[in-house]
Amino acid sequence: MFRLSFREFCSISGIILVCAWIPATADTIHDNTCITDMGAYDLVWPNVCGGEGVMGESSNYQVGGTFVVLEPIWITAVTADFLTANGSAPEKLCVRFYRGCPPLEIEEITLDSYPTDFLWQAFDDPVYGLPGRRAIVLLDSIPRLDARCWVLSIQPATEGEAYLQTGATYGTAYSFGCAAGGHTFIRDGRDYNPCCVAGSERGYWSREWEDTTEGTFEPDALSMRIEGIPAGDCVGGERVRARCKLRDGEHVGDVVVKVRSGQPNGVVTALLDPPDPKSMSISLDDSGRGKGKFRRVPIGDHRVFVCDAIVDVTCAP
């Protein structure tokens, strides 16, 4: 068990001062970050891949927290809060989503994303007195998650720093009004493995995911936030085409998106250019066909996401 518990905390401190840069159209799917904003965390969990420069040897501790998706959704942004040894940013953040929550077995990785661009915002740590940092990541390789329970792990990776992710016991989280809840899991590597490479293959870790509260009805919750855009009525196998029509005398174009083989009389969401995507809804007719248009798109290469389809399109003279 790797949990470190700190039972004394301040009720008003550690407010994050900088706003997150998330798409204006994104919905908040899960948010426990008030645990950190209000100084309400009484637990921290090692979440590090590397750390030799601080701890004297490389380690691989991975922490994940659960959240529930009520309808299929594109995940566009994730956030996690950390206490650090000296406040420095990791070389990269490993963002991973896993299927399954208690009592279900946690299944394979559905996204391995190694974002190079993320915000690393400072906050005051009234509990332990360490440099506090909030990591905010806009995903450029966005996953579409089905309606079910999921586990999110945001693991910092570097040799020159060590990290503790903040969290709270059930009673503390709810007493401060952080009612999003959650369930915390942790596992450690058998040996030191290259950062952001270790998966869930049997034998690669010294143990499978461990339920930190062993099935209690009052589980611990991590301070994290997940945001996204509803994907619509996806059935799988949608056929998507996109083309750009330039506007006369202008350095912009209109990207026309056509969908076939979709849900009859359904509605799907098209995204343009993550990590800060534009979005639009496309209504489908009784044969599962529909069309929509992104207007005034700049000259250059673009990506369109619809359900399971990813289409490249270029606006060029």
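Look above for the structure.
Residues numbered from 1 in each chain as written. Predicted model: local features only at pLDDT ≥ 70, side-chain atom pairs only at ≥ 80, totals over all residues. Heavy atoms only, no water.

Just checking my understanding: could you explain empty space enclosed by the protein for this structure?
By rolling a water-sized probe across the atoms, one finds the places where empty space is left. This structure, assessed with the given rule, holds 1 cavity of 30 Å³ or more. Lining the largest cavity are Val63, Gly65, Ala80, Leu152, Ser153, Ile154, Gln165, Leu222 and Met224. Ranked by residue count, the leading element in the lining of the largest cavity is strand S12 (residues 148-158), at 3 residues. Grouping the amino acids of the lining of the largest cavity by side-chain chemistry returns 6 nonpolar, 3 polar and no charged. (1 Å grid on protein atoms, 1.4 Å probe; cavity = no way out; pocket = protein on both sides within 12 Å on 5 of 7 lines; lining within 4 Å. Points joined across faces, edges and corners; volume = space filled by probe spheres on them. Helix = DSSP H or I, 4+ residues; strand = E, 2+ residues; numbered from the N terminus. Nonpolar A, V, L, I, M, F, W, Y, C, P; charged D, E, K, R; others polar.)

Looking at this model, I keep getting lost on the sheet that holds strand S24 (residues 309-315). Mind explaining?
Spatial strand order, S21-S20-S23-S24: 4 strands in an open sheet with antiparallel pairing. Each edge of the open sheet is held by one strand with a lone partner, namely strand S21 (278-283) and S24. Recorded for the sheet is a direction-independent mean angle of 25 degrees between the axes of neighbouring strands. (Pairing = 2+ DSSP bridges. Axes fitted to C-alpha atoms, helices over the stretch in contact; angles between N-to-C directions.)

What should I look at first to understand the nonpolar core in this one?
Ranked by size, the top nonpolar core spans 56 residues in total, and within it Val78, Phe97, Leu152, Val255, Val257, Val304 and Val306 carry the most contacts. By residue number, the principal contributor to this core is strand S6 (residues 73-84), which donates 6 residues. Once you skip the residues sitting within four places of it in the chain, valine 304 turns out to touch Ala242, Val255, Val257, Leu271, Leu272, Ala309, Ile310, Val311 and Val313. Counting 14 residues, the second-largest nonpolar core is a separate cluster that includes Ala40, Tyr41, Leu83 and Leu164. (Core = buried A, V, L, I, M, F, W, Y, C linked by side-chain atoms within 4.5 Å. Buried < 20%, exposed > 50% of the residue type's maximum accessible area, 1.4 Å probe, protein only. Contact = heavy atoms within 4.5 Å.)

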